[in-house]
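Here is how the chains run, residue by residue.
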Amino acid sequence: MAVFACAGCGTVLTSPVSQVALPAHAHQRYGHDLLPALLEPGTYAVNPEPFGPPWRKWEEIGAEEAAARGVYAPAHALSYGPPGAVAVAPGDVRGTVLILERCDGYCCGLDGRDGPNLACARCGDAVATLIDDCSCWQVVWLDPRAVRLLDVDAPSRRVLSWEDLPEQPETPPVEPLGAWSPVWEAAVAVALAHLLAASGGMRVVVPDGPVADVFRPALDALLPPRSPAKSLALAGPGLPATAADIALVPRHPQTGETWSSCAGATVPLAADVWMYVAFNRDRRLRPASGGLPEGVYRDDPPPLLPAFSFRADRGVFLHTLARLPEVRQPWLRAIYDRAEDNRSSHAFWR
């Protein structure tokens, strides 16, 4: 376990936290309502990319400089802030005060547009950016230039082995009112970008079931229908080995590592979503009654059903695909351009 302290005066700014992987929905903007915290209490994640202002438009940067920064397709603007910002849950922050002149937002809170808006209460140095506006996951981004990590003597969280992973909680795909989970929309968008890159532009044959529900419509819309095909299958802890061309595998929720015990190409999917599509344990089956044949079972209670077809998050898809070198291939760049211009609206949400 660790705490983060002000680099200027040493004041402790967080409760004890342990590191986890940066969630797939860290860069997502969703709907027009307030979203919960990005991270669970007692955890932190590091963003390897530059974060916050100053921002420079693509026209000022150019493709060569952007590629040197790991972005290979046009984006509206790129951050030239420091890499390594540390995300923590707002409830884990201590000893800070708002910088009132930097508290701009859209309507319901702060969106961080002006840079760090939290200062150390003791010395006054700007140390973090609170984001809690509508459409944003609530999070505090600690400025890596203004804080330092300190180890503390506190019970640490055990790092899960791959064998332990199937016993961890899943994230259900559908929310109570029939909307698809935004966590799923973001996680599938990230995996879809990697899956397209792994396809080489060939049609991908998707197995029936939950994987087909969320991946098949987009793949059928974005890839040529009559080309030679590659096969996709689930692989990971608790599943038998697969000989498919592409394996959909879990990304470890703590370390961020991709499960890699496969011979072919692997595509990472957030572990809490992967576990649902791999095992789908939310169905509770009970013997049917009322004169039905013996041995017939029914769902009790019935599973939640979506009110509309699944679509991946377009913004998260574009953010991910732009950072894959494969997007420089003409066929994949064409898919990127269509999605950016919203000419693939039937494949993406928003």
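For the structure itself, consult the block above.
Residues numbered from 1 in each chain as written. Predicted model: local features only at pLDDT ≥ 70, side-chain atom pairs only at ≥ 80, totals over all residues. Heavy atoms only, no water.

Participant: Help me out: how do you make sense of the overall build of the chain in this one?
Facilitator: Across its full length, the chain holds 7 helices and 19 strands. In summary, the chain has a C-alpha radius of gyration of 22 Å against a globular reference of 20 Å for 350 residues, a match within 12%. Taken along the three principal axes of its C-alpha coordinates, the chain extends 70 × 50 × 40 Å. Sequence-distant contacts, at least 24 apart, represent 65% of the contacts inside the chain between residues at least 6 apart. On the chain, the mean spot of the 30 positive side-chain charges and the mean spot of the 39 negative ones are 3 Å from each other. (Helix = DSSP H or I, 4+ residues; strand = E, 2+ residues; numbered from the N terminus. Rg over C-alpha atoms; globule rule 2.2 N^0.38 Å. Contact = heavy atoms within 4.5 Å. Lys, Arg positive; Asp, Glu negative; His and termini not counted. Charge placed at Lys NZ, Arg CZ, Asp CG, Glu CD.)

Participant: What is the right way to read the sheet that holds strand β12 (residues 203–205) from this model?
Facilitator: Within a sheet, adjacent strands bond to each other through the backbone by hydrogen bonds, running parallel or antiparallel. Read across the sheet, 4 strands follow the order β12-β13-β14-β15 without closing on themselves; strand pairing throughout is parallel. The open sheet has two edge strands, β12 and β15 (265–270), and neither has a second partner. Adjacent strand axes in the sheet meet at a mean angle of 35 degrees, parallel and antiparallel pairs treated alike. As paired strands, strand β13 (residues 229–234) and strand β14 (residues 246–251) are joined by 3 bridges and run parallel to one another. In the strand pairing of β14, Ala233 is matched with Ala247. Its contacts with the sheet place helix α3 (residues 182–199) against β12, β13, β14 and β15, and it is angled at close to 175 degrees to β15. (Pairing = 2+ DSSP bridges. Axes fitted to C-alpha atoms, helices over the stretch in contact; angles between N-to-C directions.)

Participant: I would appreciate a short explanation of the nonpolar core in the present structure.
Facilitator: Among soluble globular proteins, nonpolar side chains are generally buried collectively. If you look at the biggest cluster of nonpolar residues, it comprises 68 residues, and the most contacted ones within it are Leu192, Leu196, Phe215, Leu219, Leu248 and Phe317. Considering every element that reaches this core, the biggest residue donor is α3, with 13 residues. Other than its neighbours up to four places away in sequence, Leu248 contacts Ala191, Val211, Phe215, Leu232, Ala233, Leu234, Ala235, Val267, Leu269 and Trp274. Ranked by size, the runner-up nonpolar core spans 18 residues in total, among them Val93, Leu110, Leu118 and Leu142. (Core = buried A, V, L, I, M, F, W, Y, C linked by side-chain atoms within 4.5 Å. Buried < 20%, exposed > 50% of the residue type's maximum accessible area, 1.4 Å probe, protein only.)

Participant: Would you take a moment to explain the packing of aromatic side chains for this structure?
Facilitator: Given two aromatic rings, one states the distance between the centres and the angle between the planes to describe the pair. One pass over the structure, following the stated rule, counts 6 aromatic pairs. Measuring from ring centre to ring centre gives 5.0 Å for Phe51 and Trp141, while their planes differ by 35 degrees; the resulting arrangement is tilted. In this pair, Phe51 is assigned in the loop between β3 (43–50) and β4 (55–57) and Trp141 in strand β10 (residues 139–142), connecting sequence segments 90 residues apart. For Trp141, a relative accessible area of 4% translates into the label buried. Arranged with centres 4.6 Å apart and planes meeting at 35 degrees, the rings of Phe317 and Phe348 form a pair that is tilted. One end of the pair, Phe317, is in helix α6 (residues 314–321); the other, Phe348, is in strand β19 (residues 348–349), and 31 residues separate them in sequence. Judged by its relative accessible area of 0%, Phe317 is buried. Seen from the ring of Tyr80, Arg69 lies directly overhead, with NZ or CZ sitting 3.6 Å from the centre. (Phe/Tyr/Trp six-rings, centres within 6.5 Å; stacked < 30°, edge-to-face > 60°. Lys NZ or Arg CZ within 6 Å of the ring centre and 35° of its normal.)

Participant: Before we go on, may I ask you to explain the side chain of Asp143 in this structure?
Facilitator: In this structure, Asp143 sits in the loop between β10 and β11 (147–151). Given a relative accessible area of 10%, Asp143 falls into the buried group. Polar side-chain contacts of Asp143 include one of 2.9 Å to the side chain of Arg145. When near neighbours in sequence (up to four residues on either side) are disregarded, Asp143 contacts Pro82, Pro116, Val127 and Ala128. (Polar contact = N/O pair within 3.5 Å; in protein donor to acceptor, adjacent residues only side chain to side chain.)

Participant: Even after reading the chapter, I still don't get the side chain of Asp111, so can you show me in this structure?
Facilitator: Here Asp111 lies in the loop between β7 (96–98) and β8 (118–120). Here Arg113 takes part through its side chain, which lies 2.7 Å from a polar atom of the side chain of Asp111. With residues near it in sequence (within four places) discarded, Asp111 still touches Asp104, Gly105, Tyr106, Ile131 and Asp133.

Participant: What is the right way to look at the environment of Pro82 in this model?
Facilitator: Tracing the chain through its elements places Pro82 in the loop between β5 (77–79) and β6 (83–88). Assessed through its relative accessible area of 13%, Pro82 is described here as buried. Sequence spacing of Pro82 and Val3 is 79 residues, and the spatial spacing of their C-alpha atoms is 20 Å. Excluding residues that lie within four positions of it along the chain, Pro82 makes contacts with Glu49, Pro50, Phe51, Asp143, Pro144 and Arg145.

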